[in-house]
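# Observations on the model geometry
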Amino acid sequence: MRWALYSFAALIVVIFLGIATLGAMSALAWPNLPSLEALTDYRPKVPLRVYTSDGYLLGEFGEERRAVVSISEVPDTLKHAILAAEDERFYEHPGIDVIGIARAAIANVMTGGRGQGASTITMQVARNFFLSREKTYNRKLYEILLALKIERSLSKDQILELYINQIYLGQRAYGFASAARTYFNKDLDALTLAEAAMLAGLPKAPSAYNPVANPRRAALRQQYVLRRMLEARFIDTAQYEAARNAPVRTAAGSRSTSQPMRGDYVAEMARQIAVEQFGEDAYHLGIRIITTVTRDDQAAAYRAVRQGVLDYDRRHGYRGPEGFVDLTGVDIKDEERLDELLADVQDYDDLVGALVLEASPKAVRAYRHGEVIKITGSGLAFAAPMLDKRAPQTRRVRPGAIVRIRDAGEKGWEIVQLPEVEAALVALDARTGAVRALIGGFDFSRSKFNHVTQAQRQPGSSFKPFIFSAALERGFSPSSVEEDEPLFFPAGMTGSKDWEPRNYDGKFDGPMTLRDALARSKNMISIRLLQAITPEYAQDYITRFGFEAERHPPYLTMALGAGSATPWEMATGYAVFANGGYRIEPYVVKEIIDGNGRVVARVDPPIAGESAARVIDPRNAWLMDSMLQDVIRRGTGTRALALKRSDLAGKTGTTNDYVDAWFAGYNPDVVAVSWIGYDQPRNLGRGETGGSAALPMWVSYMRTALKDMPERELERPDGLVALPVGFGERVEYVYQENVPPAPPAIPILPPDLAPPSESPDEALPYIPPAARPMPIEPAPVEERSFFR
């Protein structure tokens, strides 16, 4: 009994001394606690965000992904999940949970370590804002004292709001709003109970419980959170069972067949502008950049380019698997091991990597992160040649092969491949230059090179309209006639080699009007036209459209688009024809808003017909529009007739050896240019012309872009005179000053003195003197090429 009393007294003394020591340490530490200004004047690092003009997020940049929300915007389901997982008694304790601390202390004494903590939400806020994560008793004391100080200064809701916005949850996501967007592509109010529980499980160990990287461990943690919610009576049994069995699909693993909006190239252009203006601070000041692109247009352009490239790739056959792994000794039921084998295989949107487990000409079974997918029927059609036993071993689809697969919706999964070819599309508002859509390549994560703004490529015949426009200023008209006959330029006259250009089809059709020549993309007539107006004049003239003269040397090959231009420059040039003759300046950023909501920059672009400079005669623009409409109605661009509109105009372009394929076209409101080719220039394949490879992308995009726009024609300007053509069945317009003089009156002679009349078959068309080419020595030509 006496020993018991002594022991009890000793315990009391120890406790008293411990409390006294703790009190003394607290008294010394309290004055040294940091100011709470970081909490009371909360200014988190908010990343740079880029939006469409209609308010949809295109991209964000910064070390921390963060979306700040008020506590009133957080749904109760998520609040309860967080409290159940981290601090059930949060609204009851004064910042520290004595019971929890005692439990953790006993556990640590028993294990001889410092493995457990008992941090409340308030203590976690203190640690996240002011302290390191080292597990020492000294740091724990400061954490407790700071928690008490925070509780004296802020309300419980304010503390919880700070926690919800500040906590790190993996994948650069800070705060639950950002994590909901990162992992599930949802706003907080759209989260299900199962998703909320999974997010609430992340603070303990964001990397270990990451639902994308570690779905199994994330699911186990989620089940724990749901049980705690049930025990705390935040949910009932029915809700628990429903959430426990509900499937959770992350944004990375979603198999939705709806096409997401992709604006990576636009976002990157906006980022560069922000950094140029604000420096590295742009990444954490909460700056918002509003671009000119719209959600629907951008999505349509992405679909158009992606499908155009995949269609091209399918026309040229399956090349075989991307690689092989050795499955010797691998249990194909060991999903963790299979995931390791796929760890370095990156997905590219809906083209996802898979590991072949079994393969035959009738069926392929492939593993894809926790799922074994069976591909049969039409899903094997593309890869069928490489499923044959006679296929080369290095290209055959067999167990261990890494292949690309795509969910085709109702058709099921199919084997596809990553295309090697690249493509681009840009669309502008013809009056203002505002970029409506921009896709700089097949996939930004594969290649960040922006083919719209950076790729200098030969435009081929899509450049011919600028030569024809120059000819109109030198006295020609759409009804002027030139010879579609062979040309030959000997060495010394054209450079070091003979040059004998030819038409795409190798045929020559004799005399024809410029209108017909442009519609049928006749190379001989384009060369004769440039020869007549001189390459030097044309080189200077094209600068009116925004082209750089030095990229288009003054040789006759300029008539066939042998210089270089970007899709951005081509769209700028075609906008002049679309808007009636005005030079607009394309732009992609509409305004910049700082972290306080103030507009710090706004673009005021030159507008066609108002503040933009007129660069060509309105009569020239109208005539060129008329001629380019004929390219679509009866020339090389007839695929565009699928849009069933009468206000479309444009021009195909295919360069020598099918290296580049273009289509540049417009209506009076929207200009769009599409391009396809290899980064390292090489043959696209016979028949891969602008009309077959590039035009389908343009048509696909324009179907959405022009959906709600009424048809509109350019108003015919003054100063044009209509002249009958042929036998008077139609008229052609010419500049008023270029109307040919009336022929002199012919005296009527008696029948016996009149000369015999010419038959219609022998008659030659009349060519106005102003339209007859002068004999000019051809300029030297450096390369032998033909274009369409």
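Conventions we followed
- For every chain, the first residue of the written sequence is number 1, and numbering continues from 1 along that sequence.
- Residue-level local features of this predicted model are given only where pLDDT is at least 70; pairs of side-chain atoms are given and counted only at 80 or more, and the full residue set underlies all totals for whole chains, interfaces and linings.
- With hydrogens and water excluded, all non-hydrogen atoms of the structure serve as input to the side-chain values.
- Secondary structure elements are defined from DSSP: runs of H or I of at least 4 residues count as helices, runs of E of at least 2 residues count as strands, and each element is numbered from the N terminus.
- Only protein chains enter the accessibility calculation, which uses a 1.4 Å probe; a residue is then buried when its area is under 20% of its type maximum, exposed when over 50%, and partly exposed in between.
- Should any heavy atoms of two residues lie within 4.5 Å, those residues are counted as being in contact.
- Exposure was quantified through the Shrake-Rupley algorithm and a 1.4 Å probe, taking into account, for residues, occlusion by the shown protein chains and nothing else.
- Should a side-chain nitrogen of Lys or Arg be within 4 Å of a carboxyl oxygen of Asp or Glu, the pair is scored as a salt bridge.
- The nonpolar core is taken to be a set of buried Ala, Val, Leu, Ile, Met, Phe, Trp, Tyr and Cys residues, with the residues joined through side-chain atoms within 4.5 Å.
- Should DSSP find at least two bridges between two strands, the strands are taken to pair.
- Orientation is described by lines fitted to C-alpha atoms, with helices fitted over the stretch in contact, and by angles between N-to-C directions that extend from 0 to 180 degrees.

Here the focus is the overall build of the chain. Secondary structure summary: the chain contains 21 helices and 24 strands in total. Classification of the 788 residues of the chain by burial places 52% in the buried group. Sequence-distant contacts in the chain: of pairs separated by 6 or more residues, those separated by 24 or more amount to 70%. Of the roughly 37400 Å² that the chain leaves accessible, carbon and sulfur atoms contribute 52%.

Next up on the list: the pattern of salt bridges. The full count for this structure, using the stated rule, is 51 salt bridges. Between Asp350 and Arg306 there is a salt bridge; the shortest N-O distance is 3.3 Å. Residue Asp350 is located in the loop between α14 (335-341) and β7 (352-359), and its partner Arg306 is located in helix α13 (residues 295-315); the two are separated by 44 residues in the primary sequence. Look at Asp350 and you get partly exposed, because its relative accessible area is 26%.

By size, the foremost hydrophobic cluster in this structure holds 91 residues, and its most contacted members are Ile289, Leu438, Phe466, Ile527, Met570, Tyr574 and Phe577. Counting residues per element, this core draws most heavily on helix α19 (residues 567-578), which supplies eight residues. What Met570 contacts, discounting residues up to four positions off in sequence, is Pro459, Ser462, Phe463, Phe466, Phe547, Ala565, Trp662 and Val673. Of all hydrophobic cores here, the second largest spans 49 residues; its members include Ile159, Leu191, Ala218 and Val225.

An order of β13-β12-β22-β21-β20 is seen for the five strands of this open sheet, with the pairing classed as antiparallel. Whereas interior strands pair on both sides, the edge strands pair on one side only; in this sheet they are β13 (435-439) and β20 (649-654). Along the sheet, successive strands turn relative to each other by an average axial angle of 5°, direction set aside. With eight bridges joining them, strand β12 (residues 422-429) and strand β22 (residues 670-677) adopt antiparallel strand pairing. Opposite Ala427, over in β22, you have Ala672 as the bridge partner.

Turning our attention to helix α15 (residues 464-472). Within α15, nine of the nine residues are buried, leaving the element largely enclosed by the surrounding structure. Those residues of α15 lying buried are Lys464, Pro465, Phe466, Ile467, Phe468, Ser469, Ala470, Ala471 and Leu472.

Read these as spatial facts, not as claims about activity.
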